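What follows is each chain in one-letter form.
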Amino acid sequence: MTFDMYRQIIIDHAKKPKNVGTVKQADGQAERNNPLCGDRIMISYRTDKTKKKLQEVKFDGAGCSIAKAAASILTEKVTGKSMAELKKYTDDDFIKDMGVPITPARRKCALLALETFRQAAHVEKDNHKH
Amino acid sequence: MTPLVKKSWPKIKADFPIFYQKVNGQPLVFLDSTASTQKPQSVINAVKELYETYYANVHRGIYMLSEKSSEAYELVRQKVADFIHAPSASEVIFTRNATESINLVAYTWGRQNIAQGDVILLTEMEHHANLVPWQLLAKEKGARLSFIPITKDFRLDVAALDSLLVKQVKLVALTHMSNVLGTINPVKKIIKQVRKKVPQAVVLVDGAQSVPHFAVDMKDIDADFYAFSSHKMLGPTGVGVLYGKRELLERMPPFMTGGDMIAQVTYQDAQWNDLPWKFEAGTPNIAGTIGFGAAIDYLQAIGMDRIFSHEQDLTALAIKELSAIPGIVIYGPREVKDRGGAVAFSVSDIHPHDLASILDEQGIAVRAGHHCAQPLHEKLGVESTTRASFYLYNTESDVMSLVAALKKAKEIFNV
């Protein structure tokens, strides 16, 4: 199961992450860390003119390959989505979007970026299904 | 200590039921005893026997069961006192864990004795349990923390001690063995120096990683306080020990208050019970303590010197094998002299969490993270490390499984 988790997609994203850096004139940004290992992820984003859709999302920080790949994948998956859609975007939706099985012990690593994004965008976590 | 039981090490493993299972289809290789240890059948049986045949609350009932459980409970206190060569069982206080033992001292002795301008001297290799309580106390009282540095070879810089022992030092709190570096500190020598230079200072030793692994002697070490935990030495969780010198314990106010710790109570006032019960409010962890007694029996039957020498053999093998793998950096002394079996390392740029997941897939349990020593990791210049640690039930084959699994992880990450 674990070896599946490290399929090429994770290794690729962790080694060559997409959208690294800080968005200029960001509409929101936040930083969170994983107290178990000190990993930290910073997310910043900018919306389009209507202020409803995400136009640019970037991340920065240090972490394990799961946390880094998750952040990289997150920036790709949420760009273009509306803030209304993101309110309904659950933990499980994101894990599914990552496209690899995440073991329970590593869920915290995988969800760090999403939680940081929610903090940056002041999105309440959807508690109905996660 | 002469070994009473001449069992081979693989036979010792067989005394621990947890090793009868497979993890991910592989035999369990447990290399995280620094965090908590597995339990032998005799400890599990002792707890079971208590609940099945003589359980009742202690120090209360006038009936047979309560007498029997009280006697068994107090017998463990004597066993602990003998095990660490404490002058008296009344100087052995049962707590929840080593963390609570240290907090007990911080909240009672600390609040009574630390004042503005005082210095609390710690080391750079402390576990958060022997750092955060002193940070709180220092902030509350306007005291200052200072730290004995570590050298390039991951040992305590004892040469720096003299200049750090200024007259404002009221407390020296240090670990006997680092839970990250494996370094065993020369506490006896340090305490001698403290007594000479600042005789008014009190010394607390965090023994969470020492008492489980090698023989300690309170009379010889001469610490004022010494803290450790049952669960790191084959016993149940929820039982810790604070050893303290009688004259200090007698002058200290109680920590928690309530039942069992009083001599007499009126509506307006209360007098405290004698030592050690003054510091044990409420119903204690009776079953955990009984199990702890069985754990000490087990360790003594094998012999602490024999256990330590076995762990040193495994540590030497691990250091030799790991050093031979390109990209592995070990954070801790290379020589096994004055060193225990906690081996922290990094593998190229593989994050410790990723490494621990890959090892878990191969049935190997290691710790990944900062091991509750974040400032030490900052000092080492890393966010986190991977740590393998050894105990009496580990074997050379466990070390070699770790080595093979690390090579496999390097393949997966292509480093």
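Refer to the preceding data block for the structure.
In this text, all values refer to a predicted model and were calculated from it rather than measured experimentally.

Engineer: Explain the sheet that holds strand E3 (residues 54–62) of chain A here, please?
Structural biologist: The strands making up a sheet associate through hydrogen bonds between their backbones, and the pairing can be parallel or antiparallel. Residues and elements named next belong to chain A. Strand order in the open sheet formed by three strands is E1-E2-E3, with antiparallel pairing between adjacent strands. The open sheet is flanked by strand E1 (28–34) and E3, the only strands paired with a single partner. Between one strand and the next, the sheet's axes are offset by a mean angle of 15°, whatever the strand orientation. In this structure, E1 lies alongside strand E2 (residues 39–47), joined through seven bridges in antiparallel fashion. Among the inter-strand pairings, glutamine 29 is bridged to a residue of E2, identified as serine 44. Against the sheet, helix H6 (residues 107–120) contacts E1, E2 and E3, and its axis sits at roughly 150° relative to E1.

Engineer: Whenever I open this one, helix H4 (residues 98–113) of chain B confuses me. Can you help?
Structural biologist: In an α-helix, one full turn covers 3.6 residues, which means residues spaced three or four apart are oriented alike. All names here are of chain B. Between its first and last C-alpha, H4 extends 21 Å over 16 residues, near the 22 Å set by a 1.5 Å rise per residue. Taking the largest bend as the criterion, H4 deviates by roughly 25°, centred on alanine 106. Along H4, the residues that are buried comprise Ala98, Thr99, Glu100, Ser101, Ile102, Asn103, Leu104, Val105, Ala106, Trp109 and Gly110. Buried residues along H4 sit against strand E4 (92–95), helix H5 (132–141), strand E8 (202–206), strand E9 (225–229), strand E10 (240–244) and helix H9 (246–251).

Engineer: Explain the packing of helix H3 (residues 65–78) of chain A against helix H5 (residues 91–98) of chain A here, please?
Structural biologist: Between two packed helices, the angle of one axis relative to the other and the distance separating the axes together describe the packing. Residue and element names in this part refer to chain A. Two elements in contact, H3 and H5, have axes whose closest approach is 10 Å; the angle formed by their N-to-C orientations is 100°. Put simply, H3 runs roughly perpendicular to H5. For the pair formed by H3 and H5, the contact residues are Ala70, Ile73, Leu74 and Lys77 on the first element and Phe94, Asp97 and Met98 on the second. Residue classes in the contact of H3 with H5 are distributed as five nonpolar, no polar and two charged.

Engineer: Looking at this model, I keep getting lost on the sheet that holds strand E13 (residues 328–330) of chain B. Mind explaining?
Structural biologist: All names here are of chain B. A sheet is described by the order of its strands in space; here four strands give the open sequence E13-E14-E17-E16, paired in antiparallel fashion. The sheet is open, and its two edges are formed by E13 and strand E16 (367–369), each paired on a single side. Sheet twist, expressed as the mean angle between neighbouring strand axes with direction ignored, is 30°. Two elements, strand E14 (residues 342–347) and strand E17 (residues 385–389), share four bridges in a ladder whose sense is antiparallel. For alanine 342, the partnering residue across the bridge sits in E17 and is serine 389. Running at roughly 145° to E13, helix H11 (residues 304–323) makes contact with E13, E14 and E17 of the sheet.

Basis of the calculations
Residues numbered from 1 in each chain as written. Chains lettered and ligands numbered in written order. Predicted model: local features only at pLDDT ≥ 70, side-chain atom pairs only at ≥ 80, totals over all residues. Pairing = 2+ DSSP bridges. Helix = DSSP H or I, 4+ residues; strand = E, 2+ residues; numbered from the N terminus. Axes fitted to C-alpha atoms, helices over the stretch in contact; angles between N-to-C directions. Contact = placed C-beta atoms within 7 Å. Expected span 1.5 Å × (residues − 1). Bend = angle between axes of the 7 residues up to and from the residue. Buried ≥ 20, exposed ≤ 12 C-beta atoms within 10 Å, placed from the backbone. Parallel < 35°, antiparallel > 145°, perpendicular 65-115°, else oblique. Nonpolar A, V, L, I, M, F, W, Y, C, P; charged D, E, K, R; others polar.

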